[in-house]
Amino acid sequence: MAHELDVLENGELAYVGIESAWHKEGTVIPDGISYNQAIEHGGLDFEVNKVQNYIKSYSKDSDAFWAPESTAVYVEAPNSFSVVRSDRTGKDSIIGTVGRVWQPLQNRDGFGVLEPLVDDGILRIETAGSLRGGSQVWMLVQFDKQRILSQAEEWLASNPNIDRNTSMATLHDLIGEVSPFALVTNDHSGKAMARIFETWVRVVCANTMQQAFDGDREGLSLAVSHTSNVTSNFKEGSRLIFQNMAQRYAEFAGQRDLLKKTRLPSDITYSTSPFRKFVLDACVPVFQLEEKIRRREGTGHTRSALDRAHQKREEITRLWTNGSGHTGDHSAWEAWQGVIQYYDHESRLKSKNSSRIDSLYSGSLGQIKKKVGFNLATYADNQRSAILN
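Predicted model only: the values in this text are computed from it and were never measured.

Asker: Give me the sheet that holds strand β7 (residues 136-143): which residues, what numbers.
Answerer: Strands sit in the order β2-β1-β6-β7-β8-β9-β10 across an open sheet of 7 strands; the sheet is mixed. Here the strands that pair on one side only, and so sit at the sheet edges, are β2 (27-28) and β10 (221-224). Looking at chain direction, strand β9 (residues 194-199) and β10 are connected through 4 bridges and run antiparallel. Across the sheet, Phe 197 pairs through a bridge with Ser 221, a residue of β10. Strand contacts of helix α7 (residues 230-243): β6 (123-131), β7, β8 (181-187), β9 and β10, with the helix running at about 175° to β10, the strand carrying the most contacts.

Listed below in structure tokens is the structure:
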């Protein structure tokens, strides 16, 4: 089945949500899902154990092909363990193979951090389920919009350097009518880390799960390896993420407002131009290539590379004033959004390479976007301080 949802003993899909998952299947609870309902109907009420693997061995003096079975012995397979799912029914099944350092994160430990937040009304569980025999499990939660706004307003009130009214208006605009989701997912197969990240995708099956992983990850995120401290690290990281959620939104709203108010000089011909220095040189540095050519050390390849680099810089500059939804006001905000549009949308179309797509979010390209954002935020702060002083 394309959705890859597991099937429970009663024949239902291992899925619970406020809407059905696949062709009107799965357990639907219109009035919302409690934590225990998500565990039960989402097929998450199981644990996994790490079990040593063994291999068959024979004496050096015997021919393994002809040796009787009675002479065989079983010895530990080096650095090889099976992840065995143990249900209340007593049925065991192997769902993954892992190494010595891998340690399990049990479902109730991984999702347990959500229980008090759901009980307190901070979060609402939207969907939960199990994929591929329990190798991957998830809960999708949605933030309570009014709780975010009220907590953000309290935080802004304690930070007089940030324009409270403008930031709250910006925050209302950011969240809109629907609050974002956070996807909490755990992998028992040994192929992935335990994760939490913000998403706008409503996950109901394997296909939508992949869409969430492929989407933008500019919001809150956490990834924890399955090592000896996986349970404590995941619990503490999750707690901090949800505890600081409203503050993060408020800080971003304030930063967005400041960047929108900060104008960058439109003349970028001189080397000290803020846009040239903080955006173009951070995205596509050309100094070394130009220096090689100036010293006559450059080759035809160097000149071709320099030409391509200047073409990229021209495109990023164009998106500064003519990007999607831009007004052409030469603001620091639109400079940053132009960079994001270039890497996330424009240049993405030029390559289908999965490793390059991954780097848009967590690798080198993701770091470039963050670096430009940091550069522009620092410049905007310095400009504001200069005016206040």
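That shown, we press on.
Asker: Before we move on, could you go through the pattern of salt bridges and cite the residues and values that matter?
Answerer: On inspection of all chains with the given rule, the structure shows 9 salt bridges. Here Arg 132 and Glu 4 are joined by a salt bridge, their closest N and O atoms 3.2 Å apart. Pair noted here: Arg 132 is in the loop between β6 and β7 and Glu 4 is in the segment before β1 (15-17), with a separation of 128 residues, a long-range link. Here Arg 132 falls in the partly exposed class, since its relative accessible area comes to 37%. In this structure, the salt-bridge partner of Asp 45 is Arg 108, at a minimum N-O distance of 3.9 Å.

Asker: Describe the nonpolar core, and please don't skip the residues or the numbers.
Answerer: Counting residues in hydrophobic clusters, the biggest one holds 49 residues, and the most contacted among them are Phe 111, Leu 114, Leu 123, Met 139, Phe 143, Phe 234 and Phe 242. With 5 residues, the top contributor of residues to this core is helix α4 (residues 145-157). Core analysis: the next-biggest nonpolar cluster, separate from the first, contains 30 residues, Leu 258, Ile 293, Leu 306 and Ile 368 among them.

Asker: Describe the packing of helix α9 (residues 274-283) against helix α11 (residues 300-322), naming the residues involved and giving the relevant values.
Answerer: Contact geometry of α9 with α11 gives a least axis separation of 10 Å together with a crossing angle of 130°. Our classification of the angle between α9 and α11 gives oblique. Note that α9 runs across α11; the crossing there is right-handed. Taken together, the residues of α11 that come into contact with α9 (itself represented by Phe 275, Arg 276, Val 279, Leu 280, Asp 281 and Cys 283) are Arg 313, Ile 316, Thr 317 and Trp 320. Tallied by class, residues from the contact of α9 with α11 come to 6 nonpolar, 1 polar and 3 charged.

Asker: Outline the pairing of β7, listing residues and values.
Answerer: In terms of burial, β7 is a largely internal element, 8 of the 8 residues being buried. Both faces of β7 are covered, namely the face carrying Gln 136, Trp 138, Leu 140 and Gln 142 and the face carrying Val 137, Met 139, Val 141 and Phe 143. Bridge analysis of β6 against β7 gives 8 bridges, and the strand direction is antiparallel. In the strand pairing of β7, Leu 123 is matched with Phe 143. Linking β6 to β7, which pair antiparallel, is a turn of 4 residues; within it Arg 132 sits at a positive phi near 50°.

Asker: Explain the packing of aromatic side chains to me, using residue names and the numbers behind them.
Answerer: By the definition in use, this model includes 4 aromatic pairs. The interplanar angle of 40° and the centroid separation of 6.4 Å between the aromatic rings of Tyr 15 and Trp 138 together place this pair among those described as tilted. Taken together, the residues Tyr 15 in strand β1 and Trp 138 in strand β7 connect sequence positions 123 residues apart. The two residues Tyr 15 and Trp 138 agree in class, both being buried. Residues Trp 333 and Trp 336 carry aromatic rings whose centres are separated by 5.9 Å and whose planes lie at 85° to one another, so their mutual orientation is edge-to-face. Highlighted residues: Trp 333 and Trp 336, both in helix α12 (residues 332-346), separated by 3 residues, approximately one helical turn. Residue Trp 333 is classed as buried on the basis of its relative accessible area, which comes to 11%. On the basis of relative accessibility, which here comes to 12%, the residue Trp 336 falls in the buried class.

Reading the values: rules and limits
Residues numbered from 1 in each chain as written. Predicted model: local features only at pLDDT ≥ 70, side-chain atom pairs only at ≥ 80, totals over all residues. Heavy atoms only, no water. Pairing = 2+ DSSP bridges. Helix = DSSP H or I, 4+ residues; strand = E, 2+ residues; numbered from the N terminus. Contact = heavy atoms within 4.5 Å. Axes fitted to C-alpha atoms, helices over the stretch in contact; angles between N-to-C directions. Salt bridge = Lys/Arg side-chain N within 4 Å of Asp/Glu carboxyl O. Buried < 20%, exposed > 50% of the residue type's maximum accessible area, 1.4 Å probe, protein only. Core = buried A, V, L, I, M, F, W, Y, C linked by side-chain atoms within 4.5 Å. Parallel < 35°, antiparallel > 145°, perpendicular 65-115°, else oblique. Left-handed = near helix turned anticlockwise from the far one by under 90°. Nonpolar A, V, L, I, M, F, W, Y, C, P; charged D, E, K, R; others polar. Phe/Tyr/Trp six-rings, centres within 6.5 Å; stacked < 30°, edge-to-face > 60°.

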